[in-house]
Amino acid sequence: MAPQDKNTPPPLPEPLRVAVADSHTHLDMQENSTVEEALAKAASVGVTTVVQVGCDLAGSRWAADTAAAHDSVHATVALHPNEAPRIVLGEPGGTSQPPRAGGGWSRQGAREAGGDSALDAALAGIDELAALSQVRGVGETGLDYFRTGPEGMAAQERSFRAHIEIAKRHDKALVIHDREAHDDVLRILREEGAPERVVFHCYSGDAEMAKICAAAGYYMSFAGNVTFKNAQPLRDALAVAPSELVLVETDAPFLTPAPYRGRANAPYLIPVTLRAMAEVRGVTEDALATAVAANTARAFGY
């Protein structure tokens, strides 16, 4: 692929015949497109519902406001696992990512260390948002051992346990971000007692973990990385996951499916991932879309 192609949006895929939902997206991080344009483009190919996910207090407020303004959008609210250590310990400098509409954690420059009291205040804000009717989930929360070192683990774990409690109290789905932390995520869910509905966003475990999730009734949401060449363990997990527990997501603008890897992802590319998933499972596109649509509505209670 020529370098200039990286900035060219992938073409519209063939529309799905059965409408589905993007179970996890970040409309606030997209560039060169309004929310209305993104939703219209998605709907034109059969992606008629999106779940807009919060990563910090500002982004969670934005998600709730956006869901209130659009019938096709549902919100989830949370402090991302990497946000909790930033609040408690501070952060010396910013990141190179551009500002975005939600005002979320990727643009927040240098941060002062706020300690546990600052984390408690942020969690109280999430708790307040979780009570809203357009907020269908608490997440993305969980553990991330890829970006946060040992010094941040206590803050992550405290935040994760608090989010589990918030989700249970408000009877909302719990949306989990699990990066290189499978055993600890599963252990904490057992220790706290999982909410009735748990979604592993961008499922990253293997087939053995998929069997554990299935036994617990946890939903597994697959993203565009299921199409990557090196992702055979993910495809093996998808193959054994029960059809009533499978969801599809973009995690846009990240994890763009092949053959468009390296370009910005968006909800309208869900059909590309869904078709690849149907092939892995040996089912028709329509059968998988029908199951995924019902599963997403059940998981998020809409």
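A quick note: this is a predicted structure, and the numbers were derived from the prediction, not measured.

This part takes up the overall build of the protein chain. Along the backbone of the protein chain there are 10 helices and eight strands. For 302 residues, the compact-globule estimate of 2.2 N^0.38 gives 19 Å, and the C-alpha radius of gyration of the protein chain, at 18 Å, lies within 12% of that figure. Over its C-alpha atoms, taken along the principal directions, the protein chain stretches across nearly 50 × 45 × 35 Å. Within the protein chain, the proportion of its 302 residues that are buried is 55%. When contacts within the protein chain are restricted to residue pairs at least 6 apart in sequence, those whose partners lie at least 24 apart make up 74%.

A few words now on helix H4 (residues 115-130). Residues separated by three or four positions in an α-helix point in the same direction, a consequence of the helix having 3.6 residues per turn. Between its terminal C-alpha atoms H4 stretches 23 Å, which fits the 22 Å expected from 16 residues at 1.5 Å a residue. When we look at burial in H4, the residues that qualify are Leu119, Ala122, Leu123, Gly125, Ile126, Leu129 and Ala130. Down the axis, H4 shows its buried residues gathered within 155° of arc, on one side only. Away from its buried face by more than 90 degrees, H4 exposes Ser117 and Glu128. On its buried side, H4 packs onto helix H2 (57-69), strand S3 (73-77), helix H3 (83-89), strand S4 (135-144) and helix H5 (153-170).

To continue, consider the environment of Gly205. Its location among the elements puts Gly205 in the loop between strand S6 (198-200) and helix H7 (207-216). Accessibility expressed as a relative area gives 4% for Gly205, which makes it buried. In this structure the C-alpha to C-alpha distance between Gly205 and Pro233, which are 28 residues apart in sequence, comes to 7.6 Å. In this view, Gly205 contacts His182, Pro233, Leu234 and Ala237; residues no more than four positions away in its chain are not counted.

Position of Thr296 relative to the elements: it lies in helix H10 (residues 285-300). Among residues more than four places away in sequence, those in contact with Thr296 are Ala21, Ser23, Leu247 and Tyr302.

To continue, consider the packing of H5 against helix H6 (residues 182-192). For the pair H5 and H6, interaxial distance at closest approach is 11 Å and the crossing angle is 45°. What the angle tells us is that H5 and H6 run oblique. Once H5 is placed against H6, the crossing between them reads as right-handed. For the pair H5 and H6, contact is made by Glu157, Phe160, Arg161, Ile164 and Lys168 and by Val185, Arg187, Ile188, Leu189, Glu191 and Glu192, respectively.

Definitions and cut-offs
- Residues numbered from 1 in each chain as written.
- Predicted model: local features only at pLDDT ≥ 70, side-chain atom pairs only at ≥ 80, totals over all residues.
- Heavy atoms only, no water.
- Helix = DSSP H or I, 4+ residues; strand = E, 2+ residues; numbered from the N terminus.
- Rg over C-alpha atoms; globule rule 2.2 N^0.38 Å.
- Buried < 20%, exposed > 50% of the residue type's maximum accessible area, 1.4 Å probe, protein only.
- Contact = heavy atoms within 4.5 Å.
- Expected span 1.5 Å × (residues − 1).
- Arc of directions from axis to C-beta.
- Axes fitted to C-alpha atoms, helices over the stretch in contact; angles between N-to-C directions.
- Parallel < 35°, antiparallel > 145°, perpendicular 65-115°, else oblique.
- Left-handed = near helix turned anticlockwise from the far one by under 90°.

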